[in-house]
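Summary of structural features
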Amino acid sequence: TTSNSSAFDLTIKKITINNGTFNFVHNSKILKKKGLFDENNIAFQSIKGEINNLKIDSDKLSAQVNISTEEKCGLVVKKIQADFSLTPHQMEFKNLDLKVNNSIFKNYFSMKFQSFNKDMRNFLSNVEIESHLDSSQLFVEDLKYFTDNTHLLFPVYFVNGHVKGTVDNLQS
């Protein structure tokens, strides 16, 4: 057996978070209107929940997550429960149960990118989204955190199906 001195494996059985915070700041000259989600200045607060079976090996992080949080724009993540993984090129949520304000999304969601830091700066056109949604509900009112253009016909959309592409070019 040979050992690889650059290999790194870590397993943590359980992490409990009470009143945690997460900030991602990229110095951007583009200012978002107050109350809109700003992908260049993310600030989650009041993070509460558990992360179970956290594993970090080589270039992959995986865990079972069950957390709630609020973003500074007013977006409330009441629950995100999933089998989560993160690699240098993908963030994935399997067995997803997500409740955001009034909306509910279930099953699968992933984001693919060439470089997390570079592509997240231009999220709408650089990050490829793939989702498989079952028994999901999108409340148009919840879109107000991402766009001013929420003048759709119905207040609630019931969603089942597959969506793939960048936010500015989604295909279903």
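Computed from a prediction, not measured in an experiment: that's the story for all the values here. (Residues numbered from 1 in each chain as written. Predicted model: local features only at pLDDT ≥ 70, side-chain atom pairs only at ≥ 80, totals over all residues. Heavy atoms only, no water.)

**Some thoughts on the nonpolar core**
- In this structure, F93, L98, M111 and M120 are the most contacted members of the largest nonpolar core, which totals 29 residues.
- Looking at this core, the elements that each hand over two or more residues are β2 (41–57), β3 (60–71), β4 (76–87), β5 (90–100), β6 (103–112) and β7 (128–139).
- Beyond its immediate stretch of four places on either side in the chain, M111 contacts H89, Q90, M91, M120, F123, V127, E128 and I129. (Core = buried A, V, L, I, M, F, W, Y, C linked by side-chain atoms within 4.5 Å. Buried < 20%, exposed > 50% of the residue type's maximum accessible area, 1.4 Å probe, protein only. Helix = DSSP H or I, 4+ residues; strand = E, 2+ residues; numbered from the N terminus. Contact = heavy atoms within 4.5 Å.)

**Observations concerning unusual backbone geometry**
- The backbone phi angle of N53 is positive, close to 50 degrees, even though this residue is not glycine.
- If you trace the backbone, N53 turns up in strand β2.
- In this structure N53 comes out as partly exposed when scored by relative accessible area, which is 36%.
- A positive phi angle, close to 50 degrees, is found at N95, a residue other than glycine.
- Position of N95 relative to the elements: it lies in strand β5.
- Exposure remark for N95: the relative accessible area of 56% places this residue in the exposed category.

**Considering the packing of aromatic side chains**
- Scanning the model with the defined rule gives 4 aromatic pairs in all.
- Ring geometry for F24 against F116: centres 6.1 Å apart, planes inclined by 80 degrees, an arrangement best described as edge-to-face. Here the residue F24 occupies a position in strand β1 (residues 9–25), and F116 occupies one in helix α1 (residues 116–120), the gap between them amounting to 92 residues.
- What makes F116 partly exposed here is its relative accessible area of 29%.
- Ring plane angle 50 degrees and centroid distance 5.1 Å describe the contact between F84 and F93, whose orientation is recorded as tilted. (Phe/Tyr/Trp six-rings, centres within 6.5 Å; stacked < 30°, edge-to-face > 60°.)

**Side note on the environment of K13**
- With respect to the element layout, K13 can be found in strand β1.
- K13 gets classed as exposed once you look at its relative accessible area, which sits at 70%.
- The spacing of K13 and E71 is 58 residues in sequence and 27 Å in space, taken between C-alpha atoms.

**Side note on the side chain of E92**
- Note on placement: E92 falls in strand β5.
- At 4.1 Å, K94 is the nearest oppositely charged side chain to E92, a buried residue that forms no salt bridge.
- Engagement of the side chain of E92 in a polar contact is seen with the side chain of Q90, the distance being 3.2 Å.
- One polar contact links E92 to Y108, side chain to side chain, over a distance of 2.6 Å.
- Not counting residues within four places of it along the chain, the set of residues in contact with E92 comprises D83, F84, S85, Y108, F109 and S110. (Lys, Arg positive; Asp, Glu negative; His and termini not counted. Salt bridge = Lys/Arg side-chain N within 4 Å of Asp/Glu carboxyl O. Polar contact = N/O pair within 3.5 Å; in protein donor to acceptor, adjacent residues only side chain to side chain.)

**Digging into the sheet that holds β1**
- Sheet architecture is open: 9 strands sit in the order β1-β2-β3-β4-β5-β6-β7-β8-β9, paired in antiparallel fashion. The strands lining the two open edges of the sheet, one partner per strand, are β1 and β9 (169–171). Recorded for the sheet is a direction-independent mean angle of 20 degrees between the axes of neighbouring strands. (Pairing = 2+ DSSP bridges. Axes fitted to C-alpha atoms, helices over the stretch in contact; angles between N-to-C directions.)

**Observations concerning the pairing of strand β8 (residues 156–166)**
- Pairing analysis gives 10 bridges linking β7 to β8, with the strands arranged antiparallel. The partner of I129 across the bridge, within β8, is G165.
- Summarising the sheet, β8 and β9 pair through 3 bridges and their orientation is antiparallel. Looking across to β9, one finds that G165 is bridged to L170.
- Counting the residues that bridge the hairpin from β8 to β9 gives 2 residues.

**Focus: the pattern of salt bridges**
- As enumerated under the stated definition, the model contains 4 salt bridges in all.
- The shortest N-O distance in the salt bridge between K79 and D97 comes to 3.0 Å. With a gap of 18 residues between them, K79 in strand β4 and D97 in strand β5 connect regions that are remote in the sequence.
- When its relative accessible area of 14% is taken as the criterion, D97 is described as buried.
- Between E130 and K112 there is a salt bridge, and its shortest N-O distance comes to 3.8 Å. Separated by 18 residues along the polypeptide, E130 in strand β7 and K112 in strand β6 bring together distant segments of the chain.
- Judged by relative accessible area, which is 17%, E130 ranks as buried.

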